[in-house]
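Given next are the chains, with one letter for each unit.
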Amino acid sequence: MKDLPQAIKAQLEQLKKIAKFRLSLKVINNRYYVYEETGEWLKDRKQSRTISKYIGRITENGSFLKKKIRHDNEIEKAEALITEKGGQVLWNKKNVRKESKIYVNNNIDEIDRKLLMILSMNGRATLSFMGDQIGLTVQATYRRIKRLEEKYGIKYILDLRREKLGYNRFLGFIKFSERIPSITELRAVLSKYPKINFAAITNGAYDVVFYLTEETSDKAVDIIWKMESQSLLKNYNAEWTITPISSNYGYMPIGDEFLETLKEKVWHRTRENRALNPGLLTEREFNVIKELNTKGSLNFTNIDKKFNFAKGTSSYTYEKLEEKGIIKRTTITMEKLPIKYVAVIFLKYTNSEEYGKTRNEFLREIIQYNSPTNKYTIVGDIGSPHSIVLFYPILKEGELDQTMEEIKSRIKGVVVTSLIISTVLFGSLCYRLFDNDYSRQHNLLIEMKEIKPVAPTINYSNIRSK
């Protein structure tokens, strides 16, 4: 909308800077109405749906008039008035109306917490091992796990080390100027490249964020160039950023589409190439990885039968892949968590010396839990701009603002900003309950003498994969 009056355009830009979701403007009878747009993924149709919500209108002089909200009772009216005037509601809402069941269901008992933690650390742990840890019989343990699988939509996946196969991780951002492509256009372009594992529309300094796995930065840049110049997006003015991201914490799942490109890493014996080179896979290893990547609990016997392997071959191959470090573990992701949205927080370095003094506070921040999952799904360093990036699933209203204020007050030498993921184009994040007693951050805190070493919650060294 290039022909918008300057006052309208200026107010719209101001609203976009503070909005948590994408905004659109509709002109009806010479009036300017503002809508908030969010996305919903329809699994049965395998397509997305955009949901528009009217939030107010902009007057001719550039003033924004919020939509009037009707309240069901006097209490809601009072709350709205107090909040509008900058006050804070202090009464106990539990005595006024029932809390949403979605939050009550987040409270898990110690047995379920241990089971989720064990499955996150080794999704192929035996029922007998888990039963010993929680003090239940095998049958009772099985029933508990089935209930958790249904409640949280648990999916078993492989936690693969990309670097062992010669791959690096990259984080990409797109900022469009003036016109922004539709969800359909963005999904069509980005999903064409199987090495892009995850892509989402965001609100904030960038319009799109994506996670890319590639061998070199040159190859990563080639993908960006193709999207920028040889796709539907060539008709849009935009700034593109691609930067390496370290793997400090968490895991980004790899889709089966990416595994098809992994065939280039499969070794075939020839006269000139008799020995298996590091970074390559045997065909048997590739087949085991492919079968288990998104079906991590699949029985090894079934894999043996499918590929006519001798009995026990798949189990042996899996163990060898673990020894090589290619498979870190079988883990889980929970697809039915009551997540309101995902935020991407940036801690941009401004003074390394000051940050170093409070680094211990940041390490403590990473290894917090947010029942029934870890607080952060991914934490890594990026080079442009030199920052720490955290992917943060928000389960309750106000969590993001509270966390950002805590980070600002406790961690020095950084500037804290955030993006809001409004629509996932494709891919998914890994939501699990990783045992942070085994995290790199926990070990660093011990080395720094910030915490005392204690016996881990669970001894996973005794786990045997089923």
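Procedures and definitions
Residues numbered from 1 in each chain as written. Predicted model: local features only at pLDDT ≥ 70, side-chain atom pairs only at ≥ 80, totals over all residues. Heavy atoms only, no water. Helix = DSSP H or I, 4+ residues; strand = E, 2+ residues; numbered from the N terminus. Polar contact = N/O pair within 3.5 Å; in protein donor to acceptor, adjacent residues only side chain to side chain. Axes fitted to C-alpha atoms, helices over the stretch in contact; angles between N-to-C directions. Parallel < 35°, antiparallel > 145°, perpendicular 65-115°, else oblique. Contact = heavy atoms within 4.5 Å. Nonpolar A, V, L, I, M, F, W, Y, C, P; charged D, E, K, R; others polar. Core = buried A, V, L, I, M, F, W, Y, C linked by side-chain atoms within 4.5 Å. Buried < 20%, exposed > 50% of the residue type's maximum accessible area, 1.4 Å probe, protein only. Pairing = 2+ DSSP bridges. Left-handed = near helix turned anticlockwise from the far one by under 90°. Salt bridge = Lys/Arg side-chain N within 4 Å of Asp/Glu carboxyl O. Phe/Tyr/Trp six-rings, centres within 6.5 Å; stacked < 30°, edge-to-face > 60°. pLDDT = per-residue confidence, 0-100.

### Notes on the side chain of threonine 261
And step 1. Relative to the elements of secondary structure, threonine 261 occurs in helix H9 (residues 256-261).
And step 2. Looking at threonine 261, its side chain comes within polar contact range of the main-chain oxygen of phenylalanine 258, at 2.5 Å.

### Considerations on the packing of helix H5 (residues 127-134) against helix H6 (residues 138-152)
Between two packed helices, what matters for the description is the angle formed by their axes and the separation of those axes.
And step 1. Direction vectors running N to C along H5 and H6 enclose 95°, while the axes themselves pass 9 Å from each other. In terms of orientation, H5 and H6 fall into the roughly perpendicular class. Residues Leu127, Ser128, Met130, Gly131 and Ile134 of H5 lie in contact with H6, whose contacting residues are Val138, Thr141, Tyr142 and Ile145.
And step 2. Residue composition of the contact of H5 with H6, by class: 6 nonpolar, 3 polar and no charged.

### Examining the nonpolar core
And step 1. Counting residues in hydrophobic clusters, the biggest one holds 43 residues, and the most contacted among them are Leu116, Leu171 and Phe391.
And step 2. Looking at this core element by element, the count peaks at 6 residues for helix H4 (residues 110-121).
And step 3. Ignoring sequence-local partners within four residues, the contact set of leucine 116 consists of Ile108, Leu148, Tyr152, Ile154, Ile332, Met334, Pro372 and Leu433.
And step 4. Counting 27 residues, the second-largest nonpolar core is a separate cluster that includes Phe21, Tyr341, Ala343 and Leu390.

### What about the environment of tyrosine 369?
And step 1. Assignment of secondary structure puts tyrosine 369 in strand E13 (residues 369-370).
And step 2. Those residues within four positions of tyrosine 369 in sequence are excluded, and the remaining contacts are Met117, Asn374, Lys375, Leu433, Phe434, Asp435, Asn436 and Asp437.
And step 3. A polar contact is formed between the side chain of tyrosine 369 and the backbone nitrogen of asparagine 436, at a distance of 2.8 Å.

### Overview of the sheet that holds strand E7 (residues 196-203)
And step 1. Ordered by their spatial adjacency, 9 strands build an open sheet running E9-E6-E8-E7-E17-E12-E16-E15-E10, and the pairing between neighbours is antiparallel. Each edge of the open sheet is held by one strand with a lone partner, namely strand E9 (238-244) and strand E10 (249-250).
And step 2. Its contacts with the sheet place helix H7 (residues 183-190) against strand E6 (168-176), E7, strand E8 (208-214) and strand E17 (414-426), and it is angled at close to 90° to E17.

### Quick word on H5
And step 1. Along H5, the residues classified as buried are Phe129, Met130, Gly131 and Ile134.
And step 2. Immediately downstream of H5, the backbone of glycine 135 shows phi near 75°, a positive value.

### Structural notes on the environment of tryptophan 225
And step 1. Its place among the elements puts tryptophan 225 in helix H8 (residues 217-229).
And step 2. Note: C-alpha distance between tryptophan 225 and tryptophan 240 (15 residues apart in sequence) is 9.3 Å.

### What about the environment of glutamate 60?
And step 1. Looking at the secondary structure, you find glutamate 60 in the loop between strand E3 (47-58) and strand E4 (64-66).
And step 2. Spatially, the C-alpha atoms of glutamate 60 and alanine 7 are 7.2 Å apart, while their sequence positions differ by 53 residues.

### What about unusual backbone geometry?
And step 1. Residues serine 371 and proline 372 are joined by a peptide bond in cis, for which omega reads 10°.
And step 2. Along the chain, the position of proline 372 falls in the loop between E13 and strand E14 (373-374).
And step 3. Note that the residue after serine 384, namely proline 385, is joined by a cis bond; omega there is -10°.
And step 4. Tracing the backbone through its elements, the reader meets proline 385 in the loop between strand E15 (378-383) and strand E16 (386-394).
And step 5. Of note in this structure, asparagine 308 is not a glycine but carries a positive phi near 55°.
And step 6. Among the structural elements, asparagine 308 can be located in the loop between helix H11 (300-306) and helix H12 (313-324).

### Quick notes on the packing of H4 against H5
And step 1. Across the interface, H4 lies against H5 with an axial gap of 10 Å and an inter-helix angle of 145°. For the pair H4 and H5, the crossing hand works out as right-handed. Seen from H4, the contacting residues are Ile111, Lys114, Leu115, Ile118 and Leu119; seen from H5, they are Phe129, Met130, Gln133 and Ile134.
And step 2. Its residues assigned to classes, the contact of H4 with H5 comprises 7 nonpolar, 1 polar and 1 charged.

### Overview of the pattern of salt bridges
And step 1. Overall, the coordinates contain 26 salt bridges when judged by the stated rule.
And step 2. For lysine 146, the salt bridge is made with glutamate 149, and the minimal N-O distance between the two is 3.2 Å. Remark: glutamate 149 and lysine 146 occur in helix H6; sequence separation between them is 3 residues, near one turn of the helix.
And step 3. Note on glutamate 149: relative accessible area 18%, which makes it buried.
And step 4. Taken together, the shared-partner salt bridges in this structure form one network comprising Asp109, Asp112, Arg144 and Arg147.

### As for the pairing of E15
And step 1. In this structure, E10 lies alongside E15, joined through 2 bridges in antiparallel fashion. Bridge pairing in E15 places tyrosine 249 opposite valine 379.
And step 2. Two strands pair when backbone bridges link them, and E15 and E16 are joined in this way by 6 bridges, in the antiparallel orientation. Note that in E16 the partner of glycine 380 across the bridge is valine 389.

### Focus: the packing of aromatic side chains
And step 1. Considering all chains together, one arrives at 12 aromatic pairs under this definition.
And step 2. Between tyrosine 249 and phenylalanine 434, the ring centres sit 6.4 Å apart and the planes meet at 75°, which makes this aromatic pair edge-to-face. Of this pair, tyrosine 249 sits in strand E10 while phenylalanine 434 sits in the loop between E17 and helix H16 (440-447); the two residues are 185 residues apart in sequence, bridging distant segments of the chain.
And step 3. On the basis of an interplanar angle of 55° and a centroid distance of 5.1 Å, the ring pair of tyrosine 376 and tyrosine 392 is categorised as tilted. Pair noted here: tyrosine 376 is in the loop between E14 and E15 and tyrosine 392 is in strand E16, with a separation of 16 residues, a long-range link. An identical accessibility class is assigned to tyrosine 376 and tyrosine 392; each is buried.

### A short note on the confidence of the model for the chain
And step 1. Residues of the chain with pLDDT of at least 70 account for 86%, and the chain-wide mean is 86.
And step 2. Contacts from residues 91-105, a stretch scored under 50 in pLDDT, to residues over four places away or in other chains number 19 contacts.

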